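Letter by letter, the chains look like this.
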Amino acid sequence: MSTAAEADWLAVVREVDDGHEYLRKKAEEGSERRAFAIASAVAALGRGRGGREAVAEQLGGVSVRTVDKAIARAKQGRPYSSLPVDLAERLLALELADLDPLPADWWTAIAHLARGTVADGTWLDDPAERLAALLEDVARTRGSRVALGPITAAVRTFNRPQTLAVLEAIRQNAIESLPTRR
């Protein structure tokens, strides 16, 4: 199997795995928030006999035992985020909107050279420089005919979230979402 074909299927598998992990975390967060809300409702109604039973009934007839499990879960103190689940996607979209437009062929070159790049925790420290160096390295090893000097100079001006937003747009095959100079 060729390296390019291997990179393509491997990127798809990793993207699907990332999606599953995202959904698992989202479900876990929902369960934590639900438990906290139930415990808060019971506390507001009062601990006695009426609080737990009233909440169970209002939840559509679930058992008091289910309410007790939710209270126990909430007491474990697992933190949950009150931030919207799609906040990261919205933040990245705002960062792309603030990005200086580049010519469409530059975005195509960047996407071609950076495709398959996995941005992990090491990318948090100066991702624009890492991306520019990656583009130069890949172009050198593949013998690219594109003049990268102006492209990498532009990439080096990206701030941290803008660089990560560009990488995410490339990962999602959404380079049309990148701001293009007309």
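Overview of the structure. None of the values given here were measured: they were computed from a predicted structure.

1. Side note on helix α6 (residues 127-142)
Move 1: For α6, built from 16 residues, the straight-helix expectation of 22 Å at 1.5 Å per residue is met to within 8% by its first-to-last C-alpha distance of 22 Å.
Move 2: Looking at α6, one finds that the buried residues are P127, A128, L131, A132, L135, V138 and A139. Looking straight down α6, one finds that the buried residues subtend no more than 140 degrees of arc, so they occupy a single side. Turned more than 90 degrees away from the buried face of α6 sit R140 and T141, all of them exposed.
Move 3: For α6, the elements touching its buried residues are α5 (104-114), α7 (149-155) and α8 (160-171).

2. With respect to the packing of helix α4 (residues 87-98) against α8
Move 1: Between α4 and α8, the shortest axis-to-axis distance is 8 Å and the interhelical angle comes to 105 degrees. Here α4 lies roughly perpendicular to α8, going by the angle between them. Together, L92, E95, L96 and D98 of α4 and P161, Q162, L164, A165, V166, E168 and A169 of α8 make up the contact between the two elements.
Move 2: Residues belonging to the contact of α4 with α8 are distributed by class as follows: seven nonpolar, one polar and three charged.

3. So, the side chain of E95
Move 1: Topologically, E95 is positioned in helix α4.
Move 2: This buried residue, E95, is left without a salt bridge; R160 holds the nearest opposite charge, at 11 Å.
Move 3: In this structure E95 touches N159, P161, Q162 and A165, once residues within four positions along its chain are discounted.

About the cut-offs
Residues numbered from 1 in each chain as written. Predicted model: local features only at pLDDT ≥ 70, side-chain atom pairs only at ≥ 80, totals over all residues. Heavy atoms only, no water. Helix = DSSP H or I, 4+ residues; strand = E, 2+ residues; numbered from the N terminus. Expected span 1.5 Å × (residues − 1). Buried < 20%, exposed > 50% of the residue type's maximum accessible area, 1.4 Å probe, protein only. Arc of directions from axis to C-beta. Contact = heavy atoms within 4.5 Å. Axes fitted to C-alpha atoms, helices over the stretch in contact; angles between N-to-C directions. Parallel < 35°, antiparallel > 145°, perpendicular 65-115°, else oblique. Nonpolar A, V, L, I, M, F, W, Y, C, P; charged D, E, K, R; others polar. Lys, Arg positive; Asp, Glu negative; His and termini not counted. Salt bridge = Lys/Arg side-chain N within 4 Å of Asp/Glu carboxyl O.

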